[in-house]
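Residue-level structure breakdown
What follows is each chain in one-letter form.
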Amino acid sequence: MTSTDPRIARPFGAVGTAMVTPLTEDGHGVDLDAAQHLAAHLVEHGHDMIVVSGTTGEAPTLTDVEKHDLARAVREAIGPSITLVAGVGTYDTAHSIDLAREHEKLGVDGLLVVTPYYSKPSQAGIIAHITEIADSTPLPVMLYDIPGRTGIPLTYETLLRLAENPRIVAVKDAKGDLHQASRVMENTDLVYYCGEDALNLPWLTIGAAGMVSVVSQVAGDLEKAMVDAVDRFDLEAARAAHHRLVPVVEAIMGHMPGAVAAKTALHLQGVLPNAVMRGPHVGADTDQLRMLQSALEAADLL
């Protein structure tokens, strides 16, 4: 699915979701039927990009086999016209390369590569790590800059270096540095995607291609309306969509882990058969459940 505005480069589409990973009732397996149903539902509600095995997909708790099976099932469900991106970044370069090559065989359209977490390498180490992964397949790469989880950001100089690699084409930014991103966009061909739902509209107004969102799983049509409004320079309509999303963003991102909230909200909407999480995450408590339900009702999303 391509942008309606040819002036905007969108190598992965515009409205993406960091899809939750549906689990079986006992939490021991991935519910592939539910994953296919969810992916098809997302496509019906404004999405032209699905990201599997990301943070919201509980990637650190999934086995490699589960990740492969999930990508295969979602590819089958959404067909070839919707962009499928797989998270393959880990703190282990060799393991990340193995994941990248296996996902290439599964027919994904791109790779999401997070800054190595826990290890906290130097910027030179980050460049080497990401370059080796990018060079291991012909697939385009979206960098994932989220220092709140990884402990280390991508610096301006590192982004300029990585932009020299023809396979590294985009950044999912979850650190909220719009000034740095503006400088990077001015001096490279890197395309930006917002990775922090509260900032989707500001990012779009400075030239981001779109978002990889948690909230879009329950409000994809609203986020698409916001993107379309910005494309046609209709700031009033974009603001209206943004303000409708504010309480939903607060409910999903402000009171519990996004993966927990998104999965619970999808269960409340009747899209998922359960909201089972895999440890260390635990499910929403009674107060959180009530708050989510109220927010979804207020936004006419339930």
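Each value, and the rule that gives it
Residues numbered from 1 in each chain as written. Predicted model: local features only at pLDDT ≥ 70, side-chain atom pairs only at ≥ 80, totals over all residues. Heavy atoms only, no water. UniProt positions renumbered as here; feature names shortened; annotations may be inferred. Axes fitted to C-alpha atoms, helices over the stretch in contact; angles between N-to-C directions. Helix = DSSP H or I, 4+ residues; strand = E, 2+ residues; numbered from the N terminus. Left-handed = near helix turned anticlockwise from the far one by under 90°. Contact = heavy atoms within 4.5 Å. Nonpolar A, V, L, I, M, F, W, Y, C, P; charged D, E, K, R; others polar. Core = buried A, V, L, I, M, F, W, Y, C linked by side-chain atoms within 4.5 Å. Buried < 20%, exposed > 50% of the residue type's maximum accessible area, 1.4 Å probe, protein only. Pairing = 2+ DSSP bridges. Right-handed = clockwise from strand over helix to strand, strands pointing away. Polar contact = N/O pair within 3.5 Å; in protein donor to acceptor, adjacent residues only side chain to side chain. Salt bridge = Lys/Arg side-chain N within 4 Å of Asp/Glu carboxyl O.

For the protein chain, an unreviewed UniProt entry supplies the name 4-hydroxy-tetrahydrodipicolinate synthase and the organism Brachybacterium saurashtrense. What UniProt records for the protein chain under Catalytic activity (unreviewed entry) is the sentence "L-aspartate 4-semialdehyde + pyruvate = (2S,4S)-4-hydroxy-2,3,4,5-tetrahydrodipicolinate + H2O + H(+)". If you open the UniProt record of the protein chain and go to Subunit (unreviewed entry), you find "Homotetramer; dimer of dimers."

**Thoughts on the packing of helix α11 (residues 258-268) against helix α12 (residues 286-298)**
Angle between the axes and distance between the axes: these two values describe a pair of packed helices. The geometry of α11 relative to α12 is characterised by a closest axis approach of 10 Å and an angle of 65° between their N-to-C directions. At the point where α11 passes α12, the crossing takes the right-handed sense. Taken together, the residues of α12 that come into contact with α11 (itself represented by A261, T264, A265 and L268) are L289, L292, Q293 and L296. The residue makeup of the contact of α11 with α12, split by class, is six nonpolar, two polar and no charged.

**Some points on the nonpolar core**
Counting residues in each nonpolar core, the largest one holds 84 residues, and the members touching the most others are M19, I50, V52, V74 and L143. Looking at which element gives the most residues to this core, the answer is helix α10 (residues 235-253), with seven residues. When sequence neighbours within four positions are dropped, the list of residues in contact with M19 reads A35, L38, A39, L42, I50, V51, V52, T56, G57, L70, V74 and Q217. Within the second largest apolar cluster, 16 residues are counted, among which are M49, M142, A170 and V191.

**Focus: the pairing of strand β5 (residues 141-145)**
By the criterion of burial, β5 is predominantly enclosed, with five of the five residues buried. Every second residue of β5 is oriented toward a common face, with V141, L143 and D145 on one face and M142 and Y144 on the other, all of them buried. As paired strands, strand β4 (residues 110-114) and β5 are joined by four bridges and run parallel to one another. Bridge pairing in β5 links V113 to L143. Crossover handedness for the path β4 to helix α4 (residues 123-134) to β5: right-handed.

**Structural notes on the side chain of T17**
Mapped onto the fold, T17 is located in strand β1 (residues 15-18). The class for T17 is buried, based on a relative accessible area of 0%. Of the polar contacts made by the side chain of T17, one reaches the backbone oxygen of S213; its length is 3.2 Å. Separated by 3.1 Å, the side chains of T17 and S216 make a polar contact.

**Some words on the pattern of salt bridges**
Under the counting rule described, the total for this entry stands at eleven salt bridges. Taking the shortest distance from any N to any O, the salt bridge between D228 and K224 comes out at 2.8 Å. Linking D228 with K224, this pair stays in helix α9 (residues 216-231), spanning four residues, or about one helical turn. Of the residues examined, K224 reaches a relative accessible area of 28% and is grouped as partly exposed.

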